[in-house]
Amino acid sequence: MSTENLPQSPDSPSRKPRVAVVFGGRSSEHGISVVTAGAVLKAIDRTRYDVLPIGITQDGRWALTADEPERMAIAERRTPSVDQLAESTEGAVVLPVDPADREVVYSEPGSVPKALGEVDVVFPVLHGPYGEDGTLQGMLELAGIPYVGSGVLSSAVGQDKEYMKRVFTSFGLKVGPYLVIRPREWARDEAAARKRIVDFAGEHGWPLFVKPARAGSSIGITKVDDLSGLDDAVAEAQRHDPKILVEAALRGREIECGVLEFEDGPRASLPAEIPPPDAHAYYDFEAKYIDSTPGVVPAPLTDEETAEVRRLAVEAFDAASCEGLVRADFFLTEDGEFVINEINTMPGFTPISMYPQMWQATGVSYQELVDLLIQAALRRSTGLR
């Protein structure tokens, strides 16, 4: 491929900061990550930043991709992939591992590696394992490259729903009843593990939600109404993660709230409500991304309820030591109490996603949101902080 038009390292010290938008990845949320990247690429102010799109294929290859956001949209109810966007089937992008060198290199078999210029900040719009869970963040910390979003620990906590709930509980945030089935437990004595779930249902009632412990975008989740559907639900969750989480159904309204890091600290957006989707049993992947079930922004809450959920969202952000951004998801129960369900340290960021919609309602446009996140990342140093 030709690299004549690729960004090169300019000699001028006044050059624009270069943002590497990294997307795709090895998780089951690969396609949604590509859609998110398209929206971010379209929104980045090119008068302020140089941009380098880097896609990670589902087998883990870092590929140079065209800067063409229009090709990164859902079409015919299908999500795009990095393989469709890669400039080459063999070429690979390599980020530096030396903190003293931020030069990105592109190489193809039989060709001399070419420098693509220095990267000042990475915008990692990956969802799920191998991207949102602290693994990519750890690599960027070793390389000394600033990045958008939370660090290693908070990314890992935000990805693993078991430890997320443990952290929230330790900080006094209320969570719903849940049960964790670890892979060794299921492999060692499947009948005993199944009995634990049945006993849990006996205590808290059906339906239950069976989900992968470390996945997002509602992928792999099954609403189980009775014992007959349990084994299939466990198998579906284990297809995405060998550790599964079982949650009791909470009766109440689904309320979401965005948190964004400003120079003076994190602030919460106006909240949104997710009404029960008409064509779906719950707010699953298709309801979110394919059928685009709309949320209500701002949520029809009292002033007191709005203030409380915004306070709790920032409290959750701080409890998990998050940075940059978080979407916090709650249930407002029938007795008027907010119960936190989970946080997302890199929430859905497509134009129809709730996080940007909530900030739009709060007075921050999509383009401003992207800029604030990049600026927050550039202000932070890597390493212990």
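Here the structure is a predicted model, which means the values were calculated and not measured.

### Observations regarding the packing of helix α4 (residues 152-159) against helix α5 (residues 161-170)
- Following both chains from N to C, one finds α4 and α5 inclined at 105 degrees, their axes separated by 5 Å at the closest point. When the axis of α4 is compared with that of α5, the two are roughly perpendicular. Here Val-157, Gly-158 and Gln-159 of α4 lie close against α5, whose contacting residues are Lys-161, Tyr-163, Met-164 and Val-167.
- Of the residues assigned to the contact of α4 with α5, the class counts are four nonpolar, two polar and one charged.

### So, helix α1 (residues 30-43)
- Relative to the 20 Å expected for 14 residues at 1.5 Å per residue, α1 spans 20 Å between its end C-alpha atoms, a close match to the ideal helical length.
- For α1, the buried fraction is high: 13 of the 14 residues fall into the buried class.

### Let's talk about the sheet that holds strand β1 (residues 18-24)
- The strand order β3-β2-β1-β7 describes an open sheet built from four strands, whose pairing is mixed. Looking along the sheet, the strands with just one partner apiece sit at the ends: β3 (62-64) and β7 (121-124). For this sheet, the mean angle separating the axes of adjacent strands, direction not counted, is 30 degrees.
- Strand direction decides the pairing type here: β1 and strand β2 (residues 50-56), joined by seven bridges, are parallel. Opposite Val-22, over in β2, you have Ile-54 as the bridge partner.
- Set on the sheet, α1 makes contact with β1, β2 and β7; between it and β1 the angle comes to about 155 degrees.

### Regarding the pattern of salt bridges
- Per the counting criterion, the structure on display carries 29 salt bridges.
- Across the pair Arg-253 and Glu-273 runs a salt bridge, and its minimum N-O distance is 2.8 Å. One end of the pair, Arg-253, is in strand β12 (residues 252-262); the other, Glu-273, is in strand β14 (residues 272-274), and 20 residues separate them in sequence.
- A salt bridge links Glu-323 to Arg-385; its shortest N-O distance comes to 2.8 Å. Separated by 62 residues along the polypeptide, Glu-323 in the loop between α10 (303-319) and β15 (325-333) and Arg-385 in the segment after α12 (366-379) bring together distant segments of the chain.
- Judged by relative accessible area, which is 46%, Arg-385 ranks as partly exposed.
- Bridged by salt links that share partners, the residues Glu-141, Glu-261, Glu-323, Arg-380 and Arg-385 form one connected network.

### Here we look at the packing of helix α7 (residues 190-204) against helix α8 (residues 230-238)
- At a closest axis distance of 12 Å, the pairing of α7 and α8 adopts a crossing angle of 115 degrees. As the angle between them shows, α7 and α8 are arranged roughly perpendicular. Considering the relative orientation of α7 and α8, their crossing is right-handed. On the side of α7, the interface is formed by Arg-194, Ile-197 and Val-198, while α8 contributes Leu-230, Asp-231 and Val-234.
- Across the contact of α7 with α8, the residue classes tally to four nonpolar, no polar and two charged.

The rules we used
Along every chain, residues carry numbers that run from 1 in the direction the sequence is written. Owing to the predicted nature of the model, reporting of local features is limited to residues with pLDDT of at least 70; listing and counting of side-chain atom pairs is limited to 80 or more, with chain, interface and lining totals taken over all residues. Excluding hydrogens and water, the side-chain figures rest on all heavy atoms present in the structure. In this description, a line fitted to the C-alpha atoms serves as the axis of each element, helices being fitted only across the stretch in contact, and the angle between N-to-C directions of two axes falls anywhere from 0 to 180 degrees. Secondary structure elements follow DSSP: runs of H or I of four or more residues count as helices, runs of E of two or more count as strands, with numbering from the N terminus. Should an angle fall under 35 degrees it is called roughly parallel, over 145 degrees roughly antiparallel, and 65 to 115 degrees roughly perpendicular, with every other angle called oblique. The contact criterion used is simple: two residues touch if any of their non-hydrogen atoms lie within 4.5 Å. Under the scheme applied, nonpolar residues are Ala, Val, Leu, Ile, Met, Phe, Trp, Tyr, Cys and Pro; charged residues are Asp, Glu, Lys and Arg; polar residues are all the others, including Gly. One less than the number of residues in a helix, times 1.5 Å, gives the span that helix is expected to have. Burial classification: accessible surface area is computed with a 1.4 Å probe over protein chains only, and a residue below 20% of its type maximum counts as buried, one above 50% as exposed, and the rest as partly exposed. In short, DSSP must find at least two bridges between two strands for them to pair. By definition, a salt bridge exists where a carboxyl oxygen of Asp or Glu is found within 4 Å of a side-chain nitrogen of Lys or Arg. In this scheme the crossing of two helices becomes right-handed for a clockwise turn of the near helix relative to the far one and left-handed for an anticlockwise turn of less than a right angle.

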